[in-house]
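This is what each chain is made of:
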Amino acid sequence: MKRKVLKTDERRTDLSGMDTSVLIIYTGGTIGMKTNPETGSLAPFNFEQIEQEVPELKKFGIKIDTFTFDPIIDSSNVKPEQWCELASIIKKNYHAYDGFVVLHGTDTMAYTASAVSFMMQNLDKPIIFTGSQIPIGVLRTDGKENLITAAEIAAAKENGKSIVPEVCIYFENNLFRANRTSKYNADHFSAFRSYNYPPLAEAGIDIHYNYPYIRKVDAFLPSFDVAASLCSDVVVIKLFPGITEQTLHTILSLSHIKGVVLETYGSGNAPMYDWFINELKEAIDKGVIVLNVTQCSVGTVNMDLYDTGKELSRIGVINGRDITTEAAVTKLMYVLGQNFTRVQIINHLTHAIRGEMTDF
Ligand code: ASP
């Protein structure tokens with residue numbers, strides 16, 4: 001994909017001082033952790049200490065308020081209930097702030113940020129997720145730069161309008177569209193990748209916004225709202241050579257399952273054994289939604305390419321194109337959580353609703 005990065009001096013960005021306000025919502029994660037002297041392991045600590053660790057925030061020239069989750073959590077413990085809570089906090093404070101920064105653990109950040117992107121309707125302000133690989137209290141932390149730049153992006157405006165009216169993840173110099181992002185590295189500071197969509201901004205000496213790829217706000221859309229309702233009755237089935245009929249049958253027979261993210265091979269291929277196709281067809285005929293997502297990080301599902309893909313298409317498997325598994329799971333939770341008809345659900349899954357996949 002070709003991308004054009006404009007120089008900052010081609011566009012005038014504006015941090016208009018104390019008239020601009022950002023709400024930092026602290027949910028937990030490594031960024032706010034310190035060593036527990038009794039156990040020697042990392043445990044969350046109070047957000048007040050983050051402010052002590054980053055006095056630069058006070059000098060920033062924008063009004064910054066903070067909201068701390070109670071309890072703060074390691075993101076491995078996050079549940080859709082907390083995604084709804086987060087969305088509701090943003091809704092309650094939406095008109096009081098110009099932008100939002102969400103501090104979150106990196107492990108499930110791509111899921112939380114994707115879920116929030118689907119719940120936000122007609123968003124016209126930035127919601128920037130960030131965190132860190134090293135706690136903010138440690139000398140070599142990546143948390144300070146991540147937090148300060150995330151706050152700057154959340155506050156950045158041009159002609160009085162937010163430059164990035166999207167849910168994003170900012171991490172180690174890159175701003176990504178949240179629902180295009182995956183955590184790919186457990187060790188490096190550069191922990192996230194957006195394999196199928198270019199960064200929305202790159203931070204060096206200046207922040208270079210990648211304007212052509214940033215969502216434009218349609219002035220005629222209805223006003224901002226939040227759909228804080230998700231359905232967790234979904235499952236991810238990752239194909240592997242040797243998956244048995246019994247395994248597939250057991251999962252698909254679970255009566256509460258309403259949606260399946262099927263992680264297939266390459267461009268959306270799966271085995272053509274009769275039992276495999278029959279199990280899937282039976283589930284789809286019962287009303288289960290099956291979304292085809294590739295196990296490859298880069299590229300897209302194309303179910304017309306091989307007979308194996310065509311067969312899936314024939315029985316009603318939906319093409320997830322280049323969507324990430326994180327976005328597929330949370331989009332399914334979102335569409336199944338609304339009062340949509342089956343036709344509306346399929347329609348929402350077939351098209352990008354928040355820029356989460358490439359529409360052809
Ligand atoms: N376990 C931590 C979390 O996801 C890791 C991190 O923040 O990087 O909450």
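I will try to describe carefully the structure that is included in this document.

So, how was this worked out
- Residues numbered from 1 in each chain as written.
- Predicted model: local features only at pLDDT ≥ 70, side-chain atom pairs only at ≥ 80, totals over all residues.
- Heavy atoms only, no water.
- Helix = DSSP H or I, 4+ residues; strand = E, 2+ residues; numbered from the N terminus.
- Rg over C-alpha atoms; globule rule 2.2 N^0.38 Å.
- Contact = heavy atoms within 4.5 Å.
- Near = heavy atom within 4 Å.
- Polar contact = N/O pair within 3.5 Å; in protein donor to acceptor, adjacent residues only side chain to side chain.
- Areas by Shrake-Rupley, 256 points an atom, 1.4 Å probe, with all protein chains shown as cover.
- Nonpolar A, V, L, I, M, F, W, Y, C, P; charged D, E, K, R; others polar.
- Pairing = 2+ DSSP bridges.
- Buried < 20%, exposed > 50% of the residue type's maximum accessible area, 1.4 Å probe, protein only.
- Right-handed = clockwise from strand over helix to strand, strands pointing away.

Here the focus is the overall build of the protein chain. Counting its secondary structure elements, the protein chain contains nine helices and 20 strands. Taken over C-alpha atoms, the radius of gyration comes to 21 Å for the protein chain, in line with the 21 Å a tight globule of 360 residues would show. If one aligns the C-alpha atoms of the protein chain with their principal axes, the spans along those axes are about 65 × 55 × 35 Å. Within the protein chain, counting contacts between residues at least 6 apart in sequence, those at least 24 apart form 75% of the total.

Next up on the list: the site of the ligand. The ligand sits among Gly29, Thr30, Asp74, Ser75, Gly105, Thr106, Asp107, Ser132 and Gln133. One of the side-chain nitrogen or oxygen atoms of Asp74 is found 3.0 Å away from a nitrogen atom of the ligand. In isolation the ligand has 270 Å² of accessible area, and contact with the protein removes 90% of it. Class assignment for the residues of the shell around the ligand results in no nonpolar, seven polar and two charged.

Now for the sheet that holds strand S17 (residues 234–238). What the four strands build is an open sheet, ordered S17-S18-S19-S20; its pairing is parallel. Sheet topology places S17 and strand S20 (318–319) at the edges, where each strand pairs with a single neighbour. Where strand S19 (residues 289–294) meets S20, two bridges bridge the pair, whose relative direction is parallel. Paired with Asn292 across the two strands is Asn319, which belongs to S20.

Burial analysis of S19 places six of its six residues in the buried class, the great majority of the element. Here S19 shows two buried faces, one formed by Ile289, Leu291 and Val293 and the other by Val290, Asn292 and Thr294. Across six bridges, strand S18 (residues 259–264) lies against S19 in parallel orientation. Each residue of the ladder has a partner; that of Glu263, found in S19, is Val293. A crossover connection joins S18 to the parallel S19 through helix H6 (residues 274–286); in handedness this β-α-β unit is right-handed. For the crossover from S19 across helix H7 (residues 307–315) to S20, the handedness is right-handed.

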